[in-house]
Amino acid sequence: QVQLQESGGGSVQSGGSLRLSCVAARYPAAYYCMGWLRQAPGKEREAVAAIDTDGITWYAEPVEGRFAISRDRAKTVHLQMNSLKPDDTAVYYCATDCDVYDGIWGDPEMRVEFGRWGQGTQVTVSS
């Protein structure tokens, strides 16, 4: 139905930056809520960022102020990751099919989950 392809992962030192990209093949990403999940070894998969069809963004508290989600053309979503920490080490997944809880877009108390995601790209942050 929808093919999500992540890229841009790699290894960086603590404090460094990476920029992830997601291409939604045959899928106009601007028409859908998009976001990013991550999963570290031994941890649950967690939503870290999302952007709705109007460009309103949401971030999980651990990454707020350090990560930025954006759209670039209708098919591409980016995650700019700054001030990376070792705890950010995880496989990062581009995601869609947002479900919103405990608030609405623009509400800092909002939570989001995703129903669909891609294959993932590894991000490793060393001390």
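Residues numbered from 1 in each chain as written. Predicted model: local features only at pLDDT ≥ 70, side-chain atom pairs only at ≥ 80, totals over all residues. Heavy atoms only, no water.

## What about the state of the cysteines?
So, point 1. For the coordinates displayed, the defined rule picks out two disulfides.
So, point 2. Here Cys 22 is linked by a disulfide to Cys 94, with a sulfur-sulfur distance of 1.9 Å. Taking the torsion about the sulfur-sulfur bond, which here is approximately -75 degrees, the covalent link between Cys 22 and Cys 94 counts as left-handed. In this pair, Cys 22 is assigned in strand β3 (residues 18–25) and Cys 94 in strand β9 (residues 90–101), connecting sequence segments 72 residues apart.
So, point 3. Relative accessible area serves as the criterion here: at 0%, Cys 22 is assigned to the buried category.
So, point 4. Disulfide partner of Cys 33: Cys 98, at an S-S distance of 1.9 Å. (Disulfide = S-S within 2.5 Å. Helix = DSSP H or I, 4+ residues; strand = E, 2+ residues; numbered from the N terminus. Buried < 20%, exposed > 50% of the residue type's maximum accessible area, 1.4 Å probe, protein only.)

## Comments concerning the pattern of salt bridges
So, point 1. As enumerated under the stated definition, the model contains four salt bridges in all.
So, point 2. Across the salt bridge formed by Arg 38 and Glu 46, the nearest N and O atoms sit 2.8 Å from each other.
So, point 3. What makes Glu 46 partly exposed here is its relative accessible area of 31%.
So, point 4. With its nearest N and O atoms 2.9 Å apart, the salt bridge here joins Arg 38 to Asp 88. Here Arg 38, found in strand β4 (residues 34–39), pairs with Asp 88, found in the loop between β8 (76–81) and β9; they are 50 residues apart in sequence, far enough to count as distant. In this structure, Arg 38 and Asp 88 share a single accessibility class: buried.
So, point 5. Connected through shared salt-bridge partners, Arg 38, Glu 46, Arg 66 and Asp 88 make up one network. (Salt bridge = Lys/Arg side-chain N within 4 Å of Asp/Glu carboxyl O.)

## Re the side chain of Thr 121
So, point 1. Residue position: Thr 121 is located in strand β11 (residues 121–126).
So, point 2. Separated by 3.2 Å, the side chain of Thr 121 and the backbone nitrogen of Gly 9 make a polar contact.
So, point 3. With near-sequence residues (within four places) excluded, Thr 121 lies in contact with Glu 6, Ser 7, Gly 8, Gly 9, Leu 20, Ala 90, Val 91 and Tyr 92. (Polar contact = N/O pair within 3.5 Å; in protein donor to acceptor, adjacent residues only side chain to side chain. Contact = heavy atoms within 4.5 Å.)

## Re the packing of aromatic side chains
So, point 1. This structure, assessed with the given rule, holds one aromatic pair.
So, point 2. A centroid spacing of 6.5 Å and a plane angle of 50 degrees characterise the contact between Phe 67 and Tyr 92, whose relative ring orientation is tilted. With a gap of 25 residues between them, Phe 67 in strand β7 (residues 67–71) and Tyr 92 in strand β9 connect regions that are remote in the sequence.
So, point 3. Look at Phe 67 and you get buried, because its relative accessible area is 4%.
So, point 4. Lying across the ring of Tyr 93, Arg 45 places its NZ or CZ 4.6 Å from the centre. (Phe/Tyr/Trp six-rings, centres within 6.5 Å; stacked < 30°, edge-to-face > 60°. Lys NZ or Arg CZ within 6 Å of the ring centre and 35° of its normal.)

## What about the sheet that holds strand β1 (residues 3–7)?
So, point 1. With antiparallel pairing, the four strands of this open sheet are ordered in space as β1-β3-β8-β7. Two strands close off the open sheet at either side, each with one partner strand: β1 and β7. Adjacent strand axes in the sheet meet at a mean angle of 15 degrees when their direction is disregarded.
So, point 2. Relative to β3, β1 is paired through five bridges, and the arrangement is antiparallel. (Pairing = 2+ DSSP bridges. Axes fitted to C-alpha atoms, helices over the stretch in contact; angles between N-to-C directions.)

Everything listed is a geometric property; what it means functionally is a separate question.
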